[in-house]
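Structural features, examined
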Amino acid sequence: MVDIESLGDWRRTHYSDMITPSLRGTEVTIFGWIQDLRDLGNIIFVTLRDKEGLVQITATSKNTDAETFAKIKSLGRQSTVGIKGLIAERSEAPKGVELIPKEVRILNLAVPPLPLDPTGRVPAEIDVRLDARVLDLRRPEPQTIFRIRHEVLAGIRKFLSEKGYLEIHTPRIIAAGAEGGATLFTVEYFDEKAYLAQSPELYKEELTSVFEKVFEIGIFFRAEESHTRRHLNEFISVDVEEAFVEARDVMVLQEELLVSILNRLTTRCQEQLEVLQVKLPNVHLPLVRYSYSEVIDQLKQNDFKVEWGEDLSTPAYRALGDLHKEVFYFITEWPTKVRPFYIKPKAERPEICDAFDFMYEWIEITSGGSRVDSKQQLTKRLEDQGLNPESFDFHLSTYDYGMPPHAGWGMGLDRFVMALLRRENIRDVVLFPRDRLRLKP
Ligand code: AMO
């Protein structure tokens, strides 16, 4: 029976990456998890992992007292420990350095057998990995994905803030959804029926009449029935909205954001990209813009059965991905019928609207457009789409306070990271994905 000890007055003096040969002879206190342990009898090699990396600890029956040696022998992989020891040079050790342990505190034991191999040597199926996600995340690859995701997010915030957009937070509990009734989750809101927000659409539009340039990065909800590699029931949307501009202006913003993030990853994440063996795509601005009509023609010319006016199906998108050599491109000028009520139809050809999608190969990353800015037209658009304008009274009333012409977009952060890191499944880039079949962990 191993005794679990408390942290007591021990505090970390060094992270693993600070342990270098030049510090030989220094006594340090480190904390972390047993990533690997090789017990050769009179010598035990332990690899300890902390948030910065790995460090080797070498205990021998000669250099370590009997009690500490026995304690180290008893440790299982992924147990949580604190170790006090001396830094020593050893040419065979990774980075030429190791720790000679003097004292060990066992802070918690991992219980074998572990459901997957956290060293990554034995690959596991995605469902096994997601069921034991916290353990899965101890592998270098998923950890690296989330470190890069952090950089992407930090880069987006920096980019938009520096361009003068104000970060906002809009409600998650709402009275009427903007993105179609089929994907609304219902919640009981005391005596009323409410919904989980699918996007910040209406609120971000309203706020252009105050702050002019706004952005939101938030979790949104869609009751997607389909189980695909690019849909989740909870996802992060990066939303931008701006007054006195049109779709074409915010498309330029999208392009600049893409380049800014690619540059940021190139300068700050080389090591991580190597762990993932990812080569970032080369992008030249302006990106290609195909109109919806052009895309339909391209599909038809390649014997794909599709009619003008239809929304594009998954097989149609896949075919487009094969047809287009560009990694990133736009599809513009969509049929008004297949776009939400808040997108502005073209004055000269109202069957077409000023909407666009920003695409990565065959996957839509962003949707956006110029918005309807007249109350009368918005009321009519709601009716045309079979929606009751009274349910949107809270939104329509803001049009009486001076609504500017405005445009914006919503970008799926998870899909964006998936595209940058060339992952096949959105679940790889989400810590605890929620899909039709997964509510836990
Ligand atoms: P849309 O519904 O196209 O547009 O959503 C915008 C982007 O959000 C991402 N996304 C999803 N990602 C993962 N799982 C899902 N279930 C999911 N649903 C959407 C996609 C998509 O391109 N209000 C508009 C945006 C706007 O016009 O500003 C909107 O929500 O990457």
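Residues numbered from 1 in each chain as written. Predicted model: local features only at pLDDT ≥ 70, side-chain atom pairs only at ≥ 80, totals over all residues. Heavy atoms only, no water.

1. Looking at the packing of aromatic side chains
- Evaluation of the coordinates by the stated rule reveals 11 aromatic pairs.
- Their ring planes at 45 degrees and their centres at 5.3 Å tell us that Tyr292 and Trp334 sit as a pair that is tilted. In this pair, Tyr292 sits in helix α8 (residues 292-301) while Trp334 sits in strand β13 (residues 328-335), placing the two residues 42 residues apart along the sequence.
- With relative accessibility at 0%, the residue Tyr292 sits in the buried group.
- Here Trp334 falls in the buried class, since its relative accessible area comes to 0%.
- Arranged with centres 5.5 Å apart and planes meeting at 80 degrees, the rings of Phe341 and Tyr342 form a pair that is edge-to-face. For the residue pair Phe341 and Tyr342, the accessibility class agrees, reading buried in each case.
- Here the aromatic cluster, defined as three or more aromatic residues joined through ring pairs, consists of Phe328, Phe330, Phe356, Phe358 and Tyr360.
- Lying over the aromatic face of Tyr165, Lys213 brings its terminal NZ or CZ to 4.7 Å of the ring centre. (Phe/Tyr/Trp six-rings, centres within 6.5 Å; stacked < 30°, edge-to-face > 60°. Helix = DSSP H or I, 4+ residues; strand = E, 2+ residues; numbered from the N terminus. Buried < 20%, exposed > 50% of the residue type's maximum accessible area, 1.4 Å probe, protein only. Lys NZ or Arg CZ within 6 Å of the ring centre and 35° of its normal.)

2. Description of the nonpolar core
- Grouped together as the largest cluster of nonpolar side chains are 83 residues, with contacts concentrated most on Val152, Ile156 and Leu312.
- The biggest single contributor to this core is helix α6 (residues 247-268), with nine residues.
- Leaving out residues up to four positions away in the same chain, Leu312 has contacts with Tyr292, Val295, Ile296, Leu299, Val306, Tyr317, Leu320, Ile331 and Trp334.
- Within the second largest apolar cluster, 21 residues are counted, among which are Ile19, Val55, Ile72 and Leu75. (Core = buried A, V, L, I, M, F, W, Y, C linked by side-chain atoms within 4.5 Å. Contact = heavy atoms within 4.5 Å.)

3. Comments concerning the environment of Asp357
- The residue Asp357 is located in strand β14 (residues 352-360) in this model.
- Taking the C-alpha atoms as reference, Asp357 lies 10.0 Å from Tyr290; in sequence the two are 67 residues apart.
- Residues contacting Asp357, with those up to four places away along its chain left out, are Tyr317, Tyr329, Phe330, Ile331, Trp334, Arg339, Glu364, Thr366 and Ser367.
- A polar atom in the side chain of Asp357 sits 2.9 Å from the side chain of Ser367. (Polar contact = N/O pair within 3.5 Å; in protein donor to acceptor, adjacent residues only side chain to side chain.)

4. Let's talk about unusual backbone geometry
- A cis geometry characterises the amide bond from Pro112 onward to Pro113, with omega recorded as 0 degrees.
- Among the secondary structure elements, Pro113 is positioned in the loop between β5 (97-108) and α2 (126-131).
- In this model, Lys440 is joined to Pro441 through a cis peptide bond whose omega is -10 degrees.
- Within the secondary structure, Pro441 sits in the segment after α12 (413-420).
- A positive phi angle is found at Gln78, which is not glycine, with a value near 75 degrees.

5. What to know about the domain arrangement of the protein chain
- Domain annotation for the protein chain reports domain 1 (16-108) and domain 2 (135-429).
- Using only C-alpha atoms to locate each centre, domain 1 and domain 2 end up separated by 48 Å.
- Listed by partner, the interface residues are five residues for domain 1 and four residues for domain 2.
- Carbon and sulfur atoms make up 36% of the surface buried where domain 1 meets domain 2, a total of about 370 Å² over both sides.
- Its largest share of buried area at the contact with domain 2, domain 1 owes to Arg49, Lys51 and Gln78, together 77% of the area lost on that side.
- Between the two partners, domain 1 and domain 2, sit zero salt bridges.
- At the boundary of domain 1 with domain 2, the tally comes to two residue pairs in polar contact (both at pLDDT 80 or more).
- Within the side of domain 1 that touches domain 2, the residues separate by chemical class into one nonpolar, two polar and two charged. (Domains from an automatic or database assignment. Buried area = accessible area lost by both parts, 1.4 Å probe. Salt bridge = Lys/Arg side-chain N within 4 Å of Asp/Glu carboxyl O. Nonpolar A, V, L, I, M, F, W, Y, C, P; charged D, E, K, R; others polar.)

6. Topic: the site of the ligand
- Looking at the ligand, there are 23 residues lining it, with Glu179, Glu201, Lys204, Glu364 and Arg371 nearest.
- A distance of 3.0 Å separates a nitrogen atom of the ligand from a polar atom in the side chain of Tyr342.
- In isolation the ligand has 620 Å² of accessible area, and contact with the protein removes 93% of it.
- Going through the elements one at a time, α5 (201-207), β11 (234-243), β15 (363-370) and β16 (406-412) are the ones with two or more residues in the shell around the ligand.
- Per-element tally for the shell around the ligand: the top contributor is β15, with five residues. (Near = heavy atom within 4 Å. Areas by Shrake-Rupley, 256 points an atom, 1.4 Å probe, with all protein chains shown as cover.)

7. Focus: a nonpolar patch on the surface
- Among the surface-exposed residues, Val134, Leu431 and Phe432 lie close enough to one another that they form a single nonpolar patch of about 250 Å² accessible area.
- Of the residues examined, Phe432 reaches a relative accessible area of 38% and is grouped as partly exposed. (Patch = residues over 30% accessible without salt bridge, like charges linked within 9 Å, V, L, I, M, F, W, Y side chains within 5 Å.)

8. Observations regarding α8
- Of all the residues in α8, the buried ones are Tyr292, Val295, Ile296, Gln298 and Leu299. One side of α8 holds all its buried residues, which, seen down the axis, span an arc of 160 degrees.
- Here the buried face of α8 lies against β12 (289-291), α9 (314-323) and β13.
- The positive-phi residue at the C-terminal boundary of α8 is Asp303, with phi of around 60 degrees. (Arc of directions from axis to C-beta.)

9. What about the sheet that holds strand β8 (residues 186-189)?
- An order of β7-β9-β8 is seen for the three strands of this open sheet, with the pairing classed as antiparallel. Sheet topology places β7 (173-174) and β8 at the edges, where each strand pairs with a single neighbour.
- With two bridges joining them, β7 and strand β9 (residues 192-196) adopt antiparallel strand pairing. Looking at the pairing, Ile173 lines up with Leu196 of β9. (Pairing = 2+ DSSP bridges.)

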